[in-house]
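Coordinate analysis (summary)
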Amino acid sequence: MTASAAVNASDVLIVGGGLVGASAGFFLRRRGRSVTLLESGLVGRQASGTNFGNVRRQGRPLHQLPLANRANAIWRQMNELLGADVEYLESGHVRVCYRGSPEHVGELEAYAQKAHETGLELELLSGDAMRWRFAFLGPEVLAASYSACDGHANPRVVAPAFACATVRGGATVFENARVAAVEKNGEDFRALCDDGRVFRAPVLLIAAGAWGNLLSSQFHEPVPLLSRAPTMSVTEPVPYGLKPAVGV
Amino acid sequence: MAGLRRRLGRYGRFAEGLAAAFPWPAQQASALPNDAVVCRCEAVTAGELRRVVAEAGAREANRAKAFSRVGMGRCQGRNCGEAGAEIIAAAARIPMRSVGRLRGQAPVKPLNIDTPEAPQ
């Protein structure tokens, strides 16, 4: 084995330096796995860095809630874990339904009951109690479901903070390393970068977000994806207008 | 067009003369104390910019903006863009050119919400 081949081999090879890839690298390092992470541009600069920053459990499909609850426990200790302030605040999340579709009230109630069984507490409000608490809701809102322990974080810093902590933990992160081809070669997966660098590991984690399909298709496992960008404006820091995030 | 180019050339030579007579004190960027406020809109200090270079690995103006909010305020970097780039370049020991410049963001010029539309 040559020296360079030894450098480019690890227990786990992660393609994609967004929140998924960077956090996976962080926790794999904590479990003692050697990790190499390849990022085509800069860590956290695509969807992980330019989203609304919602950290939300309410409204997710029920089967996702056990995982989301575990993630919430991690978010609560994120600053200590990463040694950086990711600006996570539990400012709450409100889901509403409208007078035009009263049948949705029952759906909110049923969801809250099932969520409670997984450990997510939701508070259902309507009438004066709802308007007293959330004065910003218009007259067309019929009922609201409030999750006190959902919130938001600063998306611009979270994935880079994970990557920095992962590097401090002993992982190797290559930015500007665009993977062109992946293949299984004997016991190992191999990733070939468009600049000719080759990396290999017995475990390959594709966390390439919107580009994931380009890689998974090479194993005949296409994952068709549709990229959609929400419209978002970033203001100067101002006091909360609405404290909780609001969704339907 | 040729006339315009000649005028542009004259301005260029004048600018070069000015730059030679009053050389840009690039060393001042590294001499700024850490508590000096570089970006007044967002209250970002020279020390904070140096931290995002050293700890977060920012090597480019927009990356430093994403991490520190430098140039993200009302002036959109019109006042602090150059100074911020000088500090990033000095801290990262890279040329100003590779620090680049802040991307323009909508609204390009801040307008009052009641600014009337121009007549068609």
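Residues numbered from 1 in each chain as written. Chains lettered and ligands numbered in written order. Predicted model: local features only at pLDDT ≥ 70, side-chain atom pairs only at ≥ 80, totals over all residues. Heavy atoms only, no water.

**Digging into the overall build of chain B**
- Each helix and strand counted, chain B has six helices and two strands in total.
- In sequence order, chain B lays out its α and β elements as α-α-β-β-α-α-α-α.
- In terms of C-alpha radius of gyration, chain B reaches 18 Å, well past the compact-globule figure of 14 Å for 120 residues.
- Taken over the C-alpha atoms alone, chain B extends approximately 50 × 45 × 20 Å along its principal axes. (Helix = DSSP H or I, 4+ residues; strand = E, 2+ residues; numbered from the N terminus. Rg over C-alpha atoms; globule rule 2.2 N^0.38 Å.)

**Structural notes on the sheet that holds strand β5 (residues 123–126) of chain A**
Residue and element names in this part refer to chain A.
- Ordered by their spatial adjacency, four strands build an open sheet running β5-β6-β4-β13, and the pairing between neighbours is mixed. Looking at strand neighbours, the two that pair on one side only are β5 and β13 (245–247), the edges of this open sheet. Across the sheet, the axes of successive neighbouring strands diverge by a mean angle of 25 degrees, strand direction being ignored.
- As paired elements, strand β4 (residues 93–98) and strand β6 (residues 141–147) share six bridges and run antiparallel to each other. Across the sheet, residue Arg95 finds its bridge partner in β6, namely Ser145. (Pairing = 2+ DSSP bridges. Axes fitted to C-alpha atoms, helices over the stretch in contact; angles between N-to-C directions.)

**A word on the sheet that holds strand β10 (residues 188–193) of chain A**
All names here are of chain A.
- An order of β9-β10-β11 is seen for the three strands of this open sheet, with the pairing classed as antiparallel. What marks the edges here is a single partner per strand, and that holds for β9 (179–185) and β11 (198–201). Strand-to-strand twist across the sheet, computed as the mean angle between neighbouring axes with direction ignored, equals 20 degrees.
- Across six bridges, the pairing between β9 and β10 is antiparallel. Bridge pairing in β10 links Ala181 to Leu192.

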